Amino acid sequence: MWNRLNKSMMVCQMMFGLSFYGVMVILTRFFLDDLGYSEANTMMVVGAFSSIGPLFAIAGGFIADKFLGAYRSLTISFGGFATGYTLLVLGASASNVQMSLVGIALASYARGLMSPSYPSLYKRTFATEEDFENCYPVNYSVNNIGSFLGQYLFPMVVLAIGFNGSFMLSAIIAFIAFATLVVSHKPLVSVGAEIDRQPVSPKNWAAFICISLCMIGLVFFMFSNMDIGKNIVYVIGAAAIGYFVSLMLKAEKADALKMGTILIMTVLTTAFFVYYGQIMTSMTMVTINTMRGDLFGFIPFAPEASMAMNPLWCIVGGPLIAMTFSSLEKRNINFSTATKVGFAFILTAIAFGILTAAVMGVGPDAVIRPEIFLAVHLFQALAEVIVGSMVVAFILSVAPKHIENFSVSLFSVAIALSGIVGAVFSTSIALEKGQEITQEIIQSVYGGYFSTLTILAAVMVVVALMASRIIRIMLKSSEAASEELAPVQAES
């Protein structure tokens, strides 16, 4: 099942998690303290950084399908990460807002280039589809090992070597992943798609460079003008989905029905990741303002590092979720992917219910213990593993092969749209600089916000279960349409 190639790729996945999320966890303090941003503006920028990258997976999927192939796209993306983090070093050294925004713009674009390329190439390193589907949740946990280490350690690293030193460390880690892919060039290309094995024409290189420069410039503009930037995200997301719908309308009935199920899963994924996005925005601001003390009395946790609890639980959750559903399948208990997403919303409702109870019951000292956030992240992480690993596997299993990478990019579009929507929602709890944190503010501002999210998560459980039934019907109809078409194709 496991071989040297997919192990090498998982090393790159871990390096991505360590460097990218290490940067993300210190961006909030960096923008608040060093660059002088307000809470609302900081949440928008950090929320955008966590989501705009996946949006540009649209361009990444197109580039991988039409111009470079998955291997080249993935390799270039890690070079982009290393360069972007280096620009952040320069921005932090001079407290230069523009240089910092260029750095996160380049890193965001690199993430968009990576998002569809990694699963497509990673899938090809396995002998069978079954091996890939069984191992992908484990790969998700590997990413979260890097993510946990980055999010837990980097706030403490900042205290030792500052923001510029921490950004440089991320650049070095990203370069290690880049070098790993370069060294593994021949074997990865040999298992790649046909486009990976073909040379790239000067015309395609020129098109790639032009597209990349335009995308990076657009991302920089969006970070610099978030009021306009969020609308650009909505337009691009709608355009991507509209293009996918146009392809669906032109496709044969069997493929069109399968593509329709991808659209339904995209909607469910968007709704789910609105909740996931709260980890980087509203929940991080709440922990900065309220979380005090060491975890269990002896494990130090910087408030902004609380988001590290999410990948910590994901490390455990990946194998646990994989083993649970594999065990059920051996007993002929099979759940559709949409039903599993329904289970994820149940876990999300529990997570935000715990958080709501904590903020509503906060004492006069306005302090919430780290153990509360550990429990919240437990349930949210299990939900994330279900959606994050199984939706991608579902899309790959039903997508027509000629638009496989673009279909996977719709998952990233969902993350982007939800990230911006979630960031916009989270600004409703932003406080003014220097405002005193009191029991009343926590209960009225934070309590009302998280209780609303809890109720909506419960509603989404019902929606997901209804969607599961619709998808099951559509896939059966697709299978029937394929059987009807087979004799016609055989005669022709």
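Q: Describe the overall build of the protein, naming the residues involved and giving the relevant values.
A: When you go through the protein residue by residue, the secondary structure sums to 17 helices and zero strands. The C-alpha radius of gyration computed for the protein amounts to 22 Å, which stays within 12% of the reference 23 Å derived for 492 residues, consistent with globular compactness. Dimensions of the protein along its principal axes, counting C-alpha atoms only, are 80 × 50 × 40 Å. The buried share of the protein, taken over its 492 residues, is 57%. Taking as baseline every contact in the protein between residues at least 6 positions apart, the subset at least 24 positions apart corresponds to 83%. Carbon and sulfur atoms make up 66% of the accessible area of the protein, which totals about 18,900 Å².

Q: So what's going on with empty space enclosed by the protein? Residues and values would help.
A: Applying the stated criterion across every chain, the model contains three cavities of 30 Å³ or more. Empty space within the second largest cavity amounts to approximately 50 Å³. Surrounding the second largest cavity, Ser 50, Ser 51, Arg 111, Phe 273, Tyr 276, Gly 277, Met 280, Ile 415, Ser 418 and Gly 419 form its lining. For the lining of the second largest cavity, the class distribution of residues is four nonpolar, five polar and one charged.

Q: Explain the packing of aromatic side chains residue by residue, including any values.
A: Counted according to the given criterion, the structure contains 28 aromatic pairs. Judged by centre distance (5.3 Å) and plane angle (80 degrees), the ring pair of Phe 30 and Phe 167 falls under edge-to-face. Note that Phe 30 is positioned in helix H1 (residues 4-34) and Phe 167 in helix H6 (residues 129-183), a separation of 137 residues in sequence. Taking relative accessible area as the criterion, Phe 30 reaches 0% and is therefore assigned buried. The exposure class of Phe 167 is buried, given its relative accessible area of 0%. Linked through ring pairs, Phe 272, Phe 273, Tyr 275, Tyr 276, Phe 345, Phe 352, Phe 411, Tyr 449 and Phe 450 together constitute an aromatic cluster. Seen from the ring of Phe 325, Lys 340 lies directly overhead, with NZ or CZ sitting 4.5 Å from the centre.

Q: Outline the packing of H1 against helix H2 (residues 39-55), listing residues and values.
A: The interhelical angle for the contact between H1 and H2, taken along N-to-C directions, is 165 degrees, at an axis separation of 9 Å. Relative to H2, H1 is oriented roughly antiparallel. Both H1 and H2 take part in a crossing whose hand is right-handed. Of the residues in H2, those touching H1 at Phe 20, Val 23, Met 24, Leu 27, Thr 28, Phe 31 and Leu 32 are Glu 39, Thr 42, Val 45, Val 46, Phe 49 and Ser 50. Considering only residue class, the contact of H1 with H2 consists of nine nonpolar, three polar and one charged.

Q: For the pattern of salt bridges, give the residues involved together with the corresponding values.
A: Inspection of the entire model under this criterion finds three salt bridges. Close ionic contact of Glu 304 with Arg 29 constitutes a salt bridge, the shortest N to O distance being 3.3 Å. Residue Glu 304 is located in the loop between helix H12 (282-290) and helix H13 (309-330), and its partner Arg 29 is located in helix H1; the two are separated by 275 residues in the primary sequence. On the basis of relative accessible area, Arg 29 is assigned to the partly exposed category, the value being 25%. The partner of Arg 369 in a salt bridge is Glu 371, with the nearest N and O atoms 3.2 Å apart. On the basis of relative accessibility, which here comes to 35%, the residue Arg 369 falls in the partly exposed class.

Q: Summarise the layout of surface pockets; cite the residues concerned and give the values.
A: Empty space among the atoms becomes visible once a probe the size of a water molecule is rolled across them. Of the pockets and cavities examined, the second largest pocket occupies roughly 280 Å³. Around the second largest pocket, the lining comprises 17 residues; the ones closest to its centre are Ile 58, Ala 59, Phe 62, Tyr 243 and Phe 406. Of all the elements in the fold, those that place two or more residues in the lining of the second largest pocket are helix H3 (57-66), helix H9 (202-224) and helix H10 (226-250). Tallied by class, residues from the lining of the second largest pocket come to 13 nonpolar, two polar and two charged.

Q: Quick rundown of helix H14 (residues 337-360)? Include the residues and the values.
A: When the terminal C-alpha atoms of H14 are compared, their 34 Å separation across 24 residues agrees well with the 34 Å that a helix rising 1.5 Å per residue should span. Burial within H14 is extensive, with 17 of its 24 residues counted as buried.

Q: Which residues make up the nonpolar core, and what values do they have?
A: Core analysis: the biggest nonpolar cluster contains 163 residues, and Phe 81, Phe 167 and Phe 223 have the highest contact counts within it. Beyond its immediate sequence surroundings of up to four residues, Phe 81 is in contact with Phe 16, Phe 20, Ala 107, Ala 110, Arg 111, Met 114 and Ala 174.

Parameters at a glance
- Residues numbered from 1 in each chain as written.
- Predicted model: local features only at pLDDT ≥ 70, side-chain atom pairs only at ≥ 80, totals over all residues.
- Heavy atoms only, no water.
- Helix = DSSP H or I, 4+ residues; strand = E, 2+ residues; numbered from the N terminus.
- Rg over C-alpha atoms; globule rule 2.2 N^0.38 Å.
- Buried < 20%, exposed > 50% of the residue type's maximum accessible area, 1.4 Å probe, protein only.
- Contact = heavy atoms within 4.5 Å.
- Areas by Shrake-Rupley, 256 points an atom, 1.4 Å probe, with all protein chains shown as cover.
- 1 Å grid on protein atoms, 1.4 Å probe; cavity = no way out; pocket = protein on both sides within 12 Å on 5 of 7 lines; lining within 4 Å.
- Points joined across faces, edges and corners; volume = space filled by probe spheres on them.
- Nonpolar A, V, L, I, M, F, W, Y, C, P; charged D, E, K, R; others polar.
- Phe/Tyr/Trp six-rings, centres within 6.5 Å; stacked < 30°, edge-to-face > 60°.
- Lys NZ or Arg CZ within 6 Å of the ring centre and 35° of its normal.
- Axes fitted to C-alpha atoms, helices over the stretch in contact; angles between N-to-C directions.
- Parallel < 35°, antiparallel > 145°, perpendicular 65-115°, else oblique.
- Left-handed = near helix turned anticlockwise from the far one by under 90°.
- Salt bridge = Lys/Arg side-chain N within 4 Å of Asp/Glu carboxyl O.
- Expected span 1.5 Å × (residues − 1).
- Core = buried A, V, L, I, M, F, W, Y, C linked by side-chain atoms within 4.5 Å.

Nothing here speaks to function; it is geometry throughout.
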